[in-house]
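Structural overview
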Number of protein chains: 4
Amino acid sequence: MGIRVAVAGASGYAGGELLRLIAGHPEFDLVAATAHSQAGAPVSAVHPQLTGIDLVFGSTDPATLADADLVFLALPHGQSAAIAAALPETVKVVDLGADHRLIDADAWARYYGGPHAGTWTYGLPELPGQRTAIAAANRVAATGCYAVATTLALAPLVAAGAVSPDDVVVVASSGTSGAGRAAKIHLLGSEVMGDLSVYKVGAHQHVPEIKQATGAASLSFTPVLAPMPRGILATVTARPVDGGPDPREVLTQAYADAPFVHVLPEGAWPRTSATLGSNSCHLQVGTDVDSGRVIVVSAIDNLGKGAAGQAVQCANLMLGLPETAGLSAYGVMP
Amino acid sequence: MGIRVAVAGASGYAGGELLRLIAGHPEFDLVAATAHSQAGAPVSAVHPQLTGIDLVFGSTDPATLADADLVFLALPHGQSAAIAAALPETVKVVDLGADHRLIDADAWARYYGGPHAGTWTYGLPELPGQRTAIAAANRVAATGCYAVATTLALAPLVAAGAVSPDDVVVVASSGTSGAGRAAKIHLLGSEVMGDLSVYKVGAHQHVPEIKQATGAASLSFTPVLAPMPRGILATVTARPVDGGPDPREVLTQAYADAPFVHVLPEGAWPRTSATLGSNSCHLQVGTDVDSGRVIVVSAIDNLGKGAAGQAVQCANLMLGLPETAGLSAYGVMP
Amino acid sequence: MGIRVAVAGASGYAGGELLRLIAGHPEFDLVAATAHSQAGAPVSAVHPQLTGIDLVFGSTDPATLADADLVFLALPHGQSAAIAAALPETVKVVDLGADHRLIDADAWARYYGGPHAGTWTYGLPELPGQRTAIAAANRVAATGCYAVATTLALAPLVAAGAVSPDDVVVVASSGTSGAGRAAKIHLLGSEVMGDLSVYKVGAHQHVPEIKQATGAASLSFTPVLAPMPRGILATVTARPVDGGPDPREVLTQAYADAPFVHVLPEGAWPRTSATLGSNSCHLQVGTDVDSGRVIVVSAIDNLGKGAAGQAVQCANLMLGLPETAGLSAYGVMP
Amino acid sequence: MGIRVAVAGASGYAGGELLRLIAGHPEFDLVAATAHSQAGAPVSAVHPQLTGIDLVFGSTDPATLADADLVFLALPHGQSAAIAAALPETVKVVDLGADHRLIDADAWARYYGGPHAGTWTYGLPELPGQRTAIAAANRVAATGCYAVATTLALAPLVAAGAVSPDDVVVVASSGTSGAGRAAKIHLLGSEVMGDLSVYKVGAHQHVPEIKQATGAASLSFTPVLAPMPRGILATVTARPVDGGPDPREVLTQAYADAPFVHVLPEGAWPRTSATLGSNSCHLQVGTDVDSGRVIVVSAIDNLGKGAAGQAVQCANLMLGLPETAGLSAYGVMP
């Protein structure tokens, strides 16, 4: 008998990816998947890629979830706190939403609004000390998708004094699944195919999370919507510190033992498709000839390392399982 | 110590997918990957999705391969026979190429040209009796991608007398990876994105294989190139036989025990993306109101059930492993 | 002072393309664009590609339209009749919807439901005699998108006795704009990119229109949704008639004087991208070696020759203008 | 009899778009199209979107071109100078290549290598005074695609003292046609669909051109390859100058009389698809809440305003025609 796992909010894209990963996990048994409007529908009617999984969505109430050993919350922002509060302390919980990521309640109020739900252990195992902290926690707030891509590129460089935290500029492009499974005109295939656009210019809600996780003091962050279902490519630029350590050396050492973060060989640059369906992050760093800026590029699957994969990685640590259990480091490409 | 596995022709798309599946297989150890022009290059330089696999391509000669327990041949048509002949009988071989599929040497000459290499056990486990035959074979010719999609849709209906073999019309669309990793203008992203086109109209080389595998007596087959990397959607139409059995019933029974072939619930129709990265085939069948024709639609991943996944499934059977070892039934979607 | 033109239902995709074509037409002055839910919004807020057109959507009532010399109706099925009835006979009207295409009221009832609005002159100028009929008409029902692609491929062959009308099989793939600008989950970019799927299998509403326009007696028609915004590729197969004329010769002669229908040189096959944004239809024909079936492939832009371009072409004829005024025969490619 | 126009290097993507625009131009008569490897082939065999144009590619020698009134050079970098030198001064020439754009011969040597061909009038009519300069010139060097997108966003702001030239950071994504029609593995549809990647990080050859055209003193420029055939979306960030003028006001005034550059209404942000096939550039500007940086976003069609459209616009000015002749301000969307 394996570990009993439940997913709340399983009808969205991150939820679907969680169900796929759970189905392939050697230790997990899926016992419940809940959904708001889809309660009562077969899982495979909503997620045709899961045809063969014989389960019906339940409704998202704590009673359905409390029976599990491990609960993933993949709910809209602001809905996790109430559910989590109703679960026994012994149930391990990984929240894929933003509710418990921020330390600064003011930042929460400014970017999300509403009351701050409190702060959980931050679910990015590759940050210093975080692997241990996650292993000791019963409540973990998994990192946001843009924050994963940016933080893995930037945090070690700021910490090592390789780049200045004072003027970080990030432009990050995401596939459309990052916008969720909402029936909106601007997300129609007819609108997004063949199209690049920007959105939430000047004030994306991941900014405070990225600053908290990277140590950036000033952050210009512009998100771009790209014509593909999955993937984030982040271009992170920062000024080098005079006499600071070599950025590539810093990143290579920072991730020497990380099974899912790869600094690519020199000359190779990240591509999102190489991470599709995997839990990997690919990184490369260079210097701009003209401006002297350090340029770090990172690629992830926004639903993998950016959401469901990351959450499973955290859960593995919380449960004392191998960090890599049920996760692939290899992308589905082409 | 696991089963020692080698892949010849591993630098192409099917080869890359084989390497990915082997890396995730619980019993396989990859001992060699060979390539013609890429010999000497790191595997991850050619397949960035396999970053983390520390292996260099060897050259494709029998000595490199003979040391393995299991060899996959993912070579261009016409190159398998010579390699296979040089391997000991004790080495199990799965050929992803066309060389050993056809029984009829004339058909080979007509559609492929050159001498016929002989006929191996046909690698489509879901055909009646074929699972047993594959389990007993040391040499298996895996099914072609279009043939998988068409045969799974059609063969049981012809065999059961549900449809006539006399006037089968198939239009099947494939993602571009089906055309291989060849630097050709008409396969450039600029040319294929936003575009649908037909090719090899009237005489595709999979026609004799499909007729052999399905029992179709007359087959009109038109392939379409679709703007996506992977996936085949086949629309198979045939005339019903008066008084014949119900097509949906026939298909449901034919695949009752097949772990990778799913007849979808009534009202649901196959989508290629639901099979992406998986070894699944999704099927549905209906009747055209105006013409009375039976319409069967099937969806696969051309590199999964249509190539590498199918080959691993056959290898599992040849080695006495669970048919599903190292394979996922669930797609990476969206 | 040019011809005063109004568009009803201008907020959808066909409506937007009409506005673009009208803006580039040498004789047309756009005087009104109406929309249901978007009334009051600037045109460019709904159609950002029309930035620079300084017009606000009106509401769709006859008074707004009656002042024009020419009215295009791009309304949902079933809404044209009431509007048209309220317009003076002297106003020329082209209906892009299905309401007035069918001769057979029973077929209307069976495929669309509701009362039959009556039959207008059929707006496919390339059919024999139709150019003259359209020129004489004040009310024209423009052809449906799938019907354009299929009819141009098939009608001359049936009429000339080159193929049998008795067993026509069509599989036609369309870009997503054919499904309209409706906020539906299954049309999201995340769902359609990388995906092929079938829909309305066995009973598409264009079937009676295609039969009426082509003379097909039995028609199996399967539509496929393809991952691109625009374009239809139709594969039309029919049995040849013994001793009948050469199909390619028939098509070449049928379209010798048609400025927008091109039978491609031998060896070249249609591609949808070559027609993007244009009013052209590309055709090629071959014979299937195995089955002997005649295979005609046609490509159009579903919003061009399949909708707005076709409608402008009809309007040009109705107004005594050159058939090609304001229309391009050349696609935007790549 | 119209103006006699020839295109050298007409088999590439920019060349094809030039031919399309020339075919639709009210004053231009295409008299010759030359190509290197495709000499002797029908134009429509290389550019199927131009089916109906009855012309064969000539070889690229000056004798073929000298007979024209106007010559467009769409040749690989380094090949324009020799051809141009052999043309009579009376022939007006627009070079779409980079050879004659740079003033600084050292910058040419550093980024392109080889001898500097000299400097022609810079073909960006929207820069102050440039419309007049182009109208007076017989030789014009049209702007590079990334340079168009970046310069239109940035140059007025630097000139007006709204932003500092000292630390400009640009991340710009381009569709694949920007990489040209070269048969390369990494440009295959299978490789680029579903993928974002960076290239030429830290030293793109458009950097010196952009600095020259915008007045930027320090420029970090990172190009991204996006999964679509056409379009450039540039995100341009710079520090505001204390007490400087309002950026949006500056841009609005700068382009008040420019028929193809549109500062979008507040709240609307540029999308590449809205410019597809057109000669328009869409702009919007905002301020980043956290960093205070000014963020300007621009969208163009890289083959339209970024290449062929721009070149035709320049030619119109050189010939005393309306600037907008033969060009559309409206995109083909969706």
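All of these numbers come straight from a predicted model, not from anything done at the bench. (Residues numbered from 1 in each chain as written. Chains lettered and ligands numbered in written order. Predicted model: local features only at pLDDT ≥ 70, side-chain atom pairs only at ≥ 80, totals over all residues. Heavy atoms only, no water.)

1. A look at the interface of chain C and chain A
Taken together, the contact between chain C and chain A spans 18 residues of the former and 18 residues of the latter. When chain C packs against chain A, the two sides together hide about 1500 Å² of surface, and 62% of this comes from carbon and sulfur. The largest per-residue losses of area from chain C upon contact with chain A belong to Leu188(C), Ser190(C) and Met193(C), which jointly make up 38% of the total buried on that side. Counting across the interface, chain C meets chain A through two salt bridges. (Contact = heavy atoms within 4.5 Å. Buried area = accessible area lost by both parts, 1.4 Å probe. Salt bridge = Lys/Arg side-chain N within 4 Å of Asp/Glu carboxyl O.)

2. Focus: empty space enclosed by the protein
Enumeration according to the criterion identifies eight cavities of 30 Å³ or more in this entry. Estimates place the volume of the largest cavity at around 770 Å³. Along the wall of the largest cavity there are 42 residues; nearest its centre are Pro227(A), Pro227(B), Met193(C), Pro227(C) and Pro227(D). Residue classes in the lining of the largest cavity are distributed as 29 nonpolar, nine polar and four charged. (1 Å grid on protein atoms, 1.4 Å probe; cavity = no way out; pocket = protein on both sides within 12 Å on 5 of 7 lines; lining within 4 Å. Points joined across faces, edges and corners; volume = space filled by probe spheres on them. Nonpolar A, V, L, I, M, F, W, Y, C, P; charged D, E, K, R; others polar.)

3. Some remarks on the relation of the copies chain D and chain A
For the pair chain D and chain A, the superposition axis carries a translation of 0.0 Å, the fit reaches an RMSD of 0.0 Å, and the rotation angle comes to 180 degrees. Between the two chains, the operation in question is that of a two-fold axis. Most of the interface of chain D is mirrored in chain A, where 100% of its interface residues again form contacts. (Least-squares fit on C-alpha atoms with pLDDT ≥ 70 in both.)

4. A few points about the environment of Met228(C)
In this fold, Met228(C) is placed in the loop between β9 (219-225) and β10 (232-238). Residues Met228(C) and Thr176(C) lie 52 residues apart in sequence; the distance between their C-alpha atoms is 6.3 Å. Once residues within four sequence positions are removed from consideration, Met228(C) is found in contact with Met193(A), Gly194(B), Asp195(B), Leu196(B), Pro227(B), Gly175(C), Thr176(C) and Thr272(C). (Helix = DSSP H or I, 4+ residues; strand = E, 2+ residues; numbered from the N terminus.)

5. Quick notes on the relation of the copies chain C and chain A
Between the two copies, chain C and chain A, the superposition gives an RMSD of 0.0 Å; the rotation angle is 180 degrees and the shift along the axis is 0.0 Å. When the interface residues of chain C are mapped onto chain A, 100% of them again lie at the interface, so the same face is used by both copies.

6. What to know about the sheet that holds strand β9 (residues 219-225) of chain D
Residues and elements named next belong to chain D. Spatially, β8-β9-β7-β10-β13-β12-β11 is the arrangement adopted by the seven strands of the open sheet, whose pairing is mixed. With partners counted over all chains shown, the strands left at the sheet margins are β8 (197-198) and β11 (261-263), one partner each. By the bridge criterion, seven bridges tie strand β12 (residues 281-287) to strand β13 (residues 294-300) in an arrangement that is antiparallel. Residue Val285 lies in a different strand from β13, and its bridge partner there is Val296. In the packing of helix α7 (residues 145-159) onto the sheet, contacts are made with β7 (168-174), β9, β10 (232-238), β11, β12 and β13, and the angle to β13 comes to roughly 140 degrees. (Pairing = 2+ DSSP bridges. Axes fitted to C-alpha atoms, helices over the stretch in contact; angles between N-to-C directions.)

7. A closer look at the UniProt feature "domain: Semialdehyde dehydrogenase NAD-binding" (unreviewed entry) in chain A
The UniProt entry lists residues 4-135 of chain A under the feature "domain: Semialdehyde dehydrogenase NAD-binding" (unreviewed entry), expressed in the numbering used here. Helix makes up 30% of residues 4-135 of chain A and strand 17%, with an end-to-end C-alpha separation of 18 Å. (UniProt positions renumbered as here; feature names shortened; annotations may be inferred.)

8. Some details on the sheet that holds strand β4 (residues 92-95) of chain C
Residue and element names in this part refer to chain C. In spatial order, the strands read β2-β1-β3-β4-β6-β5; together these six strands make up an open sheet with parallel pairing. Edge positions in the sheet fall to β2 (28-34) and β5 (121-123), since each of these pairs with one other strand and no more. Averaged over all adjacent pairs, the angle separating strand axes in this sheet is 25 degrees, with direction ignored.

9. Quick look at helix α1 (residues 13-23) of chain B
Counting buried positions along α1(B) gives nine out of 11 residues, so the element sits mostly inside the fold. Residues of α1(B) that are buried include every one of Tyr13(B), Gly15(B), Gly16(B), Glu17(B), Leu18(B), Leu19(B), Arg20(B), Leu21(B) and Ile22(B), and no others. Close packing links the buried residues of α1(B) with β1 (3-8), β2 (28-34), α2 (43-46), β3 (70-73) and α11 (304-318) of chain B together with α8 (189-192) of chain D. (Buried < 20%, exposed > 50% of the residue type's maximum accessible area, 1.4 Å probe, protein only.)

10. Here's the deal with the interface of chain D and chain A
It is common to give the size of an interface as the accessible area lost on bringing the parts into contact. The partner chain A presents 48 residues to the 48 residues of chain D that form the contact. Buried area between chain D and chain A, both sides added, is near 3700 Å², and the carbon and sulfur share of it is 57%. Together, Leu196(D), Arg271(D) and Asp290(D) form the three largest contributors to the area buried by chain D at its contact with chain A, with a combined 16%. Put simply, chain D and chain A have 10 salt bridges between them. Across the pair Arg239(D) and Asp167(A) runs a salt bridge, and its minimum N-O distance is 2.9 Å. In this structure, the connection of chain D to chain A is made through 20 residue pairs in polar contact (both at pLDDT 80 or more). Here the side of chain D that touches chain A gets five residues from one element, more than from any other, and that element is β9(D). Here the residues of the side of chain D that touches chain A sort into 23 nonpolar, 14 polar and 11 charged. (Polar contact = N/O pair within 3.5 Å; in protein donor to acceptor, adjacent residues only side chain to side chain.)

11. So, the pairing of β13(D)
All names here are of chain D. In terms of burial, β13 is largely enclosed, as seven of its seven residues are buried. Two elements, β10 and β13, share seven bridges in a ladder whose sense is antiparallel. In the sheet register, Thr237 faces β13, and the bridge partner there is Ile295. From the end of β12 to the start of β13, which pair antiparallel, there are six residues, and Gly292 there has a positive phi angle of about 75 degrees.

12. Brief notes about the packing of α7(D) against helix α11 (residues 304-318) of chain D
Residue and element names in this part refer to chain D. Relative orientation of the contacting elements α7 and α11 amounts to 100 degrees, with a least axis distance of 8 Å. Classified by the angle between their axes, α7 and α11 sit roughly perpendicular to one another. From α7, Cys145, Val148 and Leu152 reach across to α11, where they touch Lys305, Gly306 and Gln310. A class-by-class count of the residues in the contact of α7 with α11 yields three nonpolar, two polar and one charged. (Parallel < 35°, antiparallel > 145°, perpendicular 65-115°, else oblique.)

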